[in-house]
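# Commentary on secondary and tertiary structure
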Amino acid sequence: MSFSLTELKPHQEWIEALLQSIPAELSDPFDTYGTPDLLRDSMAHALLAGGKRLRPLLVLHAAKSCKPDWSEGDHKQHCRYAAAAIEMIHTYSLIHDDLPALDNDDLRRGKPTCHIAFGEAQAILAGDGLLTDAFNLLAQAPVNPHLQVLELSRAAGSNGMVAGQVDDIQAERLPSAQIDLKKIHRRKTARLLASACRLGGLSVNASDAQLEHLTQYGFALGIAFQIADDVLDHEADPELAGKKLGRDAQNDKTTYLTLLGAEEAKKQARDFANQAAEHANALPGNHNTLVGLAHFSANRLF
């Protein structure tokens with residue numbers, strides 16, 4: 001199946017406008033001073049830097065895949081909170097991952113990382129602001145707000161994305177034979193992608209069966225995406241990636257590429273993408289984009 005993210009440009013433009021509008025959604029009736037300019041600028045530096053916007057795209061198209069009677073007005077309005085919130089969570093995690101104490105990267109999405117542009121202390125605070133404000137925003141969702149907050153907090157917290165980051169750090173001290181990459185990336189990468197899909201479903205009152213298909217789709221997509229990421233760290237063009245590549249090899253890090261070799265890693269990525277597509281095809285609404293994103297995740301060039 002031929003698929004390109006350029007087909008999603010109108011949706012990406014909607015997401016960019018959505019992210020621009022966030023400050024108006026976060027007003028506090030008890031505040032008389034507003035967000036400090038430095039905090040607002042450092043948060044915006046990371047959040048509005050562009051990128052594929054995969055997670056909010058998944059929210060939108062997961063919602064669409066559950067509703068044969070999709071309303072571009074009402075349903076899109078309902079899932080906008082989750083789409084923005086999960087991108088805020090993802091961006092906070094990138095800010096913190098890029099810090100010298102973790103990955104020590106100085107380029108992200110083709111721009112200086114937040115701590116390079118604003119200093120380490122301000123980068124930490126920008127990440128803290130995005131993390132906390134995401135739940136402020138999501139709590140205002142018109143459909144299932146409590147379930148959406150519960151879903152995202154589980155996915156991002158100490159049993160989800162943060163746990164995966166800890167697993168990843170601990171694995172650096174282990175021999176390759178003792179490292180369970182699937183466990184690491186199921187929590188570090190796939191859990192948040194599965195959450196994006198579940199949030200889309202929850203925002204339109206998807207059934208339990210539909211939520212299960214979205215969950216399995218997201219986990220399979222996440223593993224495919226991570227395998228491809230490991231291969232791309234070795235093979236991709238840094239200008240297309242918008243970040244420095246080759247750090248895995250430089251740090252002698254165990255990856256799907258080092259464990260499986262390039263050809264087997266690519267095959268497994270395609271296998272997981274096919275699993276994801278099967279779950280998308282079981283959904284009653286327009287699931288073509290979910291299928292396309294699954295195959296894109298395994299075959300992308302950047």
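Figured I'd write up the structure that's included with this text. (Residues numbered from 1 in each chain as written. Predicted model: local features only at pLDDT ≥ 70, side-chain atom pairs only at ≥ 80, totals over all residues. Heavy atoms only, no water.)

Before going further, it helps to spend a moment on the overall build of the protein. Of regular secondary structure, the protein possesses 16 helices and two strands. What you see for the protein is a C-alpha radius of gyration of 19 Å, in line with the 19 Å of a compact globule of 302 residues. Based on the C-alpha atoms only, the size of the protein along its principal axes is roughly 55 × 45 × 35 Å. Burial analysis of the protein (302 residues in total) assigns 52% to the buried set. A separation of at least 24 residues holds for 76% of the contacts in the protein among residues at least 6 apart in sequence. Put simply, the protein shows about 13,900 Å² of open surface, and 51% of that area lies on carbon and sulfur atoms. Both charge centroids of the protein, one from 29 positive and one from 39 negative side chains, sit 3 Å from each other. (Helix = DSSP H or I, 4+ residues; strand = E, 2+ residues; numbered from the N terminus. Rg over C-alpha atoms; globule rule 2.2 N^0.38 Å. Buried < 20%, exposed > 50% of the residue type's maximum accessible area, 1.4 Å probe, protein only. Contact = heavy atoms within 4.5 Å. Areas by Shrake-Rupley, 256 points an atom, 1.4 Å probe, with all protein chains shown as cover. Lys, Arg positive; Asp, Glu negative; His and termini not counted. Charge placed at Lys NZ, Arg CZ, Asp CG, Glu CD.)

Next up on the list: the layout of surface pockets. Gaps between atoms show up when a probe of the same size as a water molecule is rolled over them. What the second largest pocket holds in volume is close to 540 Å³. Together, 22 residues line the second largest pocket, and P23, L26, T35, M43 and D133 are the ones closest to its centre. Among the secondary structure elements, those contributing two or more residues to the lining of the second largest pocket are α1 (9-20), α2 (22-25), α3 (37-47) and α7 (120-138). (1 Å grid on protein atoms, 1.4 Å probe; cavity = no way out; pocket = protein on both sides within 12 Å on 5 of 7 lines; lining within 4 Å. Points joined across faces, edges and corners; volume = space filled by probe spheres on them.)

Next up on the list: the pattern of salt bridges. Close approach of charged atoms lets side chains of opposite charge pair. On inspection of all chains with the given rule, the structure shows 13 salt bridges. Its salt-bridge partner being R53, residue E16 comes within 2.7 Å of it at the nearest N-O pair. With E16 in helix α1 and R53 in the loop between α3 and α4 (54-65), this pair connects stretches of sequence that are 37 residues apart. Relative accessible area serves as the criterion here: at 24%, E16 is assigned to the partly exposed category. Residue R53 is classed as buried on the basis of its relative accessible area, which comes to 2%. Put simply, E151 and R191 hold a salt bridge, and the shortest N to O gap is 3.0 Å. Highlighted residues: E151 in helix α8 (residues 145-156) and R191 in helix α10 (residues 181-202), separated in sequence by 40 residues. Taken as a pair, E151 and R191 share a single burial class, namely buried. (Salt bridge = Lys/Arg side-chain N within 4 Å of Asp/Glu carboxyl O.)

What follows deals with the packing of aromatic side chains. Centre-to-centre distance and the angle between the planes together describe a pair of aromatic rings. According to the stated counting rule, one finds zero aromatic pairs in the structure shown. Taking NZ or CZ as reference, R80 lies 5.4 Å from the ring centre of Y81, over its face. The ring of F219 is capped by R186, whose NZ or CZ atom sits 3.8 Å from the centre of that ring. (Phe/Tyr/Trp six-rings, centres within 6.5 Å; stacked < 30°, edge-to-face > 60°. Lys NZ or Arg CZ within 6 Å of the ring centre and 35° of its normal.)

Attention now moves to empty space enclosed by the protein. Summed over all chains, the structure comprises two cavities of 30 Å³ or more. By volume, the largest cavity is sized at about 100 Å³. As for the largest cavity, its lining consists of 13 residues, and the residues nearest its centre are H45, A46, R108, T113 and C114. Going through the elements one at a time, α3, α5 (74-97) and β2 (111-112) are the ones with two or more residues in the lining of the largest cavity. A breakdown of the residues in the lining of the largest cavity according to their chemical character gives six nonpolar, three polar and four charged. (Nonpolar A, V, L, I, M, F, W, Y, C, P; charged D, E, K, R; others polar.)

Coordinates in, geometry out; function isn't part of it.
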